[in-house]
Amino acid sequence: MGELKSINRRTFVKRSALGALSIPLISTNPLLSFPPESIKLTILHTNDMHSHIDPFSANDSKYPGMGGMRKMASIVEKIRSEESHVLLLDAGDIFQGTPYFNKYKGEVELKIMSEMGYTASTMGNHDFDNGINGFNDVLPHANFPFLCSNYDFSNTVLDGKTKKFIIKNIGELKIGLFGIGIKLNGLVEKRLYKETQYHEPIEIANHYAKILKDEHNCDIVICLSHLGYDYQTNKISDTKLAKSTKGIDIIIGGHTHTFLDKATELENSNGEKVLVNQAGWGALSLGRIDVNFTNQSNSKKELTLQSISKKNYAKI
Amino acid sequence: MKVLKNPSIILIVLFIYLSSCETYKIDSFQSENIQLGDHVSMVDFGEINLPQYKDTLDKEMDEVLNHAVTNMQVGCPEGLLGNFICDLSMFMANKYYATKIKPDFCVLNNGGFRTSLNKGPITKGKIFEIMPFDNYLVVVTLNGNQLDELLNYIKKKSQMGASRKSGVPVSGIRIRITDNKIDKCSIQNVKYNPNKNYHVLTTDYLANGGDDMTFFKEASNYINTEVLLRDAIIDYIREINKIGTKVEAKFDGRIEINQ
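Just so you know, these numbers come straight off a predicted model, no measurement behind them. (Residues numbered from 1 in each chain as written. Chains lettered and ligands numbered in written order. Predicted model: local features only at pLDDT ≥ 70, side-chain atom pairs only at ≥ 80, totals over all residues. Heavy atoms only, no water.)

A.B. asks: Where do I start with the overall build of chain A in this structure?
C.D. replies: Looking only at helices and strands, chain A has ten helices and twelve strands in total. Counting only residues that meet the buried cut, chain A has 58% of its 316 residues in that class. Contacts in chain A between residues far apart in sequence, at least 24 positions, make up 74% of those at least 6 positions apart. As presented, chain A carries roughly 13700 Å² of accessible surface, and 50% of it is formed by carbon and sulfur atoms. (Helix = DSSP H or I, 4+ residues; strand = E, 2+ residues; numbered from the N terminus. Buried < 20%, exposed > 50% of the residue type's maximum accessible area, 1.4 Å probe, protein only. Contact = heavy atoms within 4.5 Å. Areas by Shrake-Rupley, 256 points an atom, 1.4 Å probe, with all protein chains shown as cover.)

A.B. asks: Can you help me understand the sheet that holds strand β5 (residues 165-170) of chain A in this one?
C.D. replies: Backbone hydrogen bonds are what pair the strands of a sheet, in a parallel or an antiparallel way. Residues and elements named next belong to chain A. Overall, mixed pairing links the six strands, which are arranged β5-β6-β8-β9-β11-β10 in an open sheet. Either end of the sheet is taken by a strand with one partner, and the two such strands are β5 and β10 (264-267). When strand polarity is set aside, the average angle formed by the axes of neighbouring strands in this sheet is 25 degrees. Inspection of the sheet shows β10 paired to strand β11 (residues 273-277) by four bridges, in the antiparallel sense. Its bridge partner being in β11, L266 is matched across the sheet by V274. Across the face of the sheet, helix α8 (residues 201-215) comes into contact with β5, β6 (173-180) and β8 (220-225) while running at roughly 165 degrees to β6. (Pairing = 2+ DSSP bridges. Axes fitted to C-alpha atoms, helices over the stretch in contact; angles between N-to-C directions.)

A.B. asks: For this particular structure, what's the right way to read the sheet that holds strand β10 (residues 190-191) of chain B?
C.D. replies: Residue and element names in this part refer to chain B. Spatially, the four strands line up as an open sheet ordered β10-β9-β8-β13, and their pairing is mixed. Two strands in the sheet have a free side with no partner beyond their single neighbour: β10 and β13 (255-258). Bridge count between strand β8 (residues 173-178) and strand β9 (residues 181-187): six bridges; the pairing is antiparallel. Residue pairing across strands places I175 opposite C185, the latter belonging to β9.

A.B. asks: Honestly, the packing of aromatic side chains in this entry has me stumped. Any pointers?
C.D. replies: Aromatic ring pairs: the centre-centre distance and the angle between the two ring planes describe each pair. Residue and element names in this part refer to chain A. Scanning the entire structure with this criterion turns up 20 aromatic pairs over all chains. With a centroid separation of 5.9 Å and 45 degrees between ring planes, the pair formed by F165 and Y208 is classed as tilted. Of this pair, F165 sits in strand β5 while Y208 sits in helix α8; the two residues are 43 residues apart in sequence, bridging distant segments of the chain. We classify F165 as partly exposed; its relative accessible area is 25%. The exposure class assigned to Y208 is buried, which follows from its relative accessible area of 11%. Ring pairs connect the aromatic residues F95, F101, Y118, F135, F144 and F146, which therefore count as one cluster. It is K235 that lies over the ring of Y231; its NZ or CZ is 4.6 Å from the centre. (Phe/Tyr/Trp six-rings, centres within 6.5 Å; stacked < 30°, edge-to-face > 60°. Lys NZ or Arg CZ within 6 Å of the ring centre and 35° of its normal.)

A.B. asks: Looking at this model, I keep getting lost on unusual backbone geometry. Mind explaining?
C.D. replies: Most peptide bonds take the trans form, and the phi angle of most residues other than glycine is negative. The step from B:C76 to B:P77 runs through a cis peptide bond, and the omega angle for that step is 5 degrees. In this fold, B:P77 is placed in the loop between β3 (64-68) and α3 (80-97). In this structure, A:H50 takes a positive phi of about 45 degrees despite not being glycine. Along the chain, A:H50 falls in the loop between β1 (38-46) and α3 (69-82). The backbone of A:S51 sits at a positive phi, close to 60 degrees, despite the residue not being glycine. On the accessibility criterion, A:S51 (0% relative accessible area) is buried.

A.B. asks: Looking at this model, I keep getting lost on helix α5 (residues 107-116) of chain A. Mind explaining?
C.D. replies: Each α-helix turn comprises 3.6 residues. Residues three or four places apart therefore point the same way. With eight of ten residues buried, α5(A) is to be regarded as a mostly interior element. Looking at the packing, one finds that the buried side of α5(A) touches α3, β2 (86-90), α4 (99-104) and α6 (131-138) of chain A together with α2 (50-61) of chain B.

A.B. asks: Which parts of the structure should I look at to understand a positive patch on the surface?
C.D. replies: A cluster of basic residues, A:K62, B:R114, B:R164 and B:K165, forms a positive patch on the protein surface. In this fold, B:R114 is placed in the loop between β4 (105-107) and β5 (120-123). (Patch = residues over 30% accessible without salt bridge, like charges linked within 9 Å, V, L, I, M, F, W, Y side chains within 5 Å. Salt bridge = Lys/Arg side-chain N within 4 Å of Asp/Glu carboxyl O. Lys, Arg positive; Asp, Glu negative; His and termini not counted. Charge placed at Lys NZ, Arg CZ, Asp CG, Glu CD.)

A.B. asks: Sorry if this is basic, but what is going on with the packing of α3(A) against α5(A) here?
C.D. replies: Relative orientation and spacing of two packed helices are given, respectively, by the angle between their axes and the distance between those axes. Residue and element names in this part refer to chain A. Closest axis-to-axis distance for the α3/α5 pair is 10 Å, and the angle between their directions is 10 degrees. When the interaxial angle is binned, α3 and α5 end up roughly parallel. Taken together, the residues of α5 that come into contact with α3 (itself represented by M69, M72, A73, V76 and R80) are E109, I112, M113 and M116. (Parallel < 35°, antiparallel > 145°, perpendicular 65-115°, else oblique.)

A.B. asks: What's the story with the environment of B:I257 in this structure? I'm lost.
C.D. replies: Residue and element names in this part refer to chain B. Tracing the backbone through its elements, the reader meets I257 in strand β13. In this structure the C-alpha to C-alpha distance between I257 and G167, which are 90 residues apart in sequence, comes to 12 Å. In this view, I257 contacts P77, S158, Q159 and I177; residues no more than four positions away in its chain are not counted.

A.B. asks: So what exactly am I meant to see when it comes to the pattern of salt bridges here?
C.D. replies: Where side chains of opposite charge bring their charged atoms close, a pairing between them can arise. Residue and element names in this part refer to chain A. For the structure shown, the criterion picks out 26 salt bridges over all chains. Salt-bridge contacts for E82 lead to K78; the nearest nitrogen and oxygen are separated by 2.9 Å. Of the two residues, E82 and K78 are both situated in helix α3; the distance of four residues between them amounts to about one turn of the helix. Residue K78 is classed as exposed on the basis of its relative accessible area, which comes to 52%.

A.B. asks: When you look at the confidence of the model for chain A in this model, what are you seeing that I'm missing?
C.D. replies: Residues and elements named next belong to chain A. Averaged over every residue, the pLDDT of chain A is 87; residues scoring 70 or more account for 84%. Here residues 1-28 is modelled with pLDDT under 50, and outside its nearest four sequence neighbours on either side it reaches 23 contacts, counting other chains as well. Confidence over residues 299-316 falls short of pLDDT 50; this stretch has 15 contacts with residues more than four positions distant or in other chains. (pLDDT = per-residue confidence, 0-100.)

A.B. asks: Just to check I follow, could you spell out the state of the cysteines for this structure?
C.D. replies: Formally, a disulfide is one covalent bond, and it connects the sulfur atom of one cysteine to the sulfur atom of another. By the definition in use, this model includes zero disulfides over all chains. In this model A:C148 remains outside any disulfide bridge; the closest cysteine sulfur is found in A:C223, 11 Å from its own. (Disulfide = S-S within 2.5 Å.)

A.B. asks: I tried to follow the packing of α3(B) against helix α7 (residues 229-242) of chain B on my own but got confused; where do I start?
C.D. replies: All names here are of chain B. Interhelical geometry of α3 versus α7 gives an angle of 90 degrees and a closest axis separation of 9 Å. Judged by the inter-axis angle, α3 sits roughly perpendicular to α7. Residues F84, I85, L88, S89, F91, M92, K95, Y96 and Y97 of α3 touch α7, and the partners they reach there are L229, A232, I233, D235, Y236, I237 and E239. Tallied by class, the residues present in the contact of α3 with α7 amount to twelve nonpolar, one polar and three charged. (Nonpolar A, V, L, I, M, F, W, Y, C, P; charged D, E, K, R; others polar.)

A.B. asks: Explain the environment of A:N169 to me, please; I cannot follow it from the model alone.
C.D. replies: Topologically, A:N169 is positioned in strand β5. In this structure the C-alpha to C-alpha distance between A:N169 and A:D219, which are 50 residues apart in sequence, comes to 10.0 Å.

A.B. asks: Whenever I open this one, the side chain of B:T141 confuses me. Can you help?
C.D. replies: Residue and element names in this part refer to chain B. Mapping T141 onto the fold places it in strand β6 (residues 136-142). Here H199 takes part through its side chain, which lies 2.9 Å from a polar atom of the side chain of T141. When near neighbours in sequence (up to four residues on either side) are disregarded, T141 contacts Q146, N197, Y198, H199, A219, S220 and N221. (Polar contact = N/O pair within 3.5 Å; in protein donor to acceptor, adjacent residues only side chain to side chain.)

A.B. asks: Teacher, can you tell me more about the confidence of the model for chain B here?
C.D. replies: A low pLDDT means the predicted coordinates there should not be read in detail. Residues and elements named next belong to chain B. On average, residues of chain B score 90 in pLDDT, and 92% of them reach the 70 mark or higher. Under a pLDDT of 50 for its full length, residues 14-20 has, in the predicted model, 16 contacts with residues more than four places off or in other chains. In the predicted assembly, ipTM is 0.83 and pTM is 0.78.

See the structure below:
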């Protein structure tokens, strides 16, 4: 419908006296085309793919012939052909798990993800397995950003190579994204993560969610997390992060290799809805969340347009 | 249409759109995660020449190193796979990797062995499946207290029953557990002496406290052999094949639970 509207309008503008003046404006300023009343955003996500490029072997006791990035890519391709606004995200632990990583150090995984059109990823603990220098060596093969908001890489080779947050414009939507990594001490050897400083997730998450929502007016804020879905202990997890922060709409998780049928709905510290999702591991499952947006100002605007029309009718 | 032809209206309309900041509000969510079954087709990634990587890798991984005469799995309190890998680690470390400080015994973890070794040909790829992690063999020195903690850890894990992570694979040490107590322990066939320091062969992962082996973090004399456990396994299996020895392992009661 939105498309039809704008075509009609363009046809009209071309015919009108002001047409010649307006056409350049229309082609350069997206604000001039009629914004749709509702938009659907399709968020696809993976985590803990662990270098599973090919499917699990046919004689695997648990997942014979299943999973792998090559299969993942065909599903993503199919969904892209069906939906117009697609985000593809990863929550870390891209590396380690098949000889592809041992031999090629992550080059193949990152090249495939670049081909697949990933929007962004965050780093998992296993992405440090070849050391921070090893990660830095293969990073040029990724054409998408790594979002690491609570790792301070200042005194490492990764300084300036990752992003604290990004804002992605898809269609009329403004999407804010940031990434939270797991505490490395005790999980990854110091010789691998070197001078990387870890900061507590809740404070950092609140900080970037606020920046994205309040300062940049993002329509949705998504956190990529490698904290893990949920723990029995006090350890910080995605569910705890969801409940103890505000401003995040969706947490895309990893680390615990949790298979969920669908995203879990929780309430944040303001009582607002937050979704937490995770898609197993080994590229065995693709997480999917479709978000429907409505244009907040549309109904009001239509009213204004009508009243202007009426007023001018009267004058004519 | 007549109305819209008025240029002033167009300007007003344009003004409204230019001055208004479009904001969208989340209305609703739907979520359904998708499982990738065996029916899903595969993308070839011609652009990055995936076969170039895959063929080279397959060629290397398909190398047959030797043959196993029996199936080997992790087990509790003892498993053939654990016995085999700990024994060969001790052999290789003493012969090649750690000749200055020779380890007295070896401790690894069953959680680190990701799959079983099947009877028949053993490919290099299979060893990568068993041990995908780049864990290095290291030698650390434990004092009496730390060794006591290690023995308690082994005792606890050995009584956990059958699970992928129960049991502790060892070599060079023999332990008997009776009524939840270790009533016999020998290292290199000599009775364990609580006043002596012992050199333990393990991986850097465990030496750094992995799998809750916190006692290792206090150990002294950390020596990294710079040899990957996986490479030790591959080299050993290949080497014994050269002298016509097949791969086998036996239960020998190295960890025994006396009922």
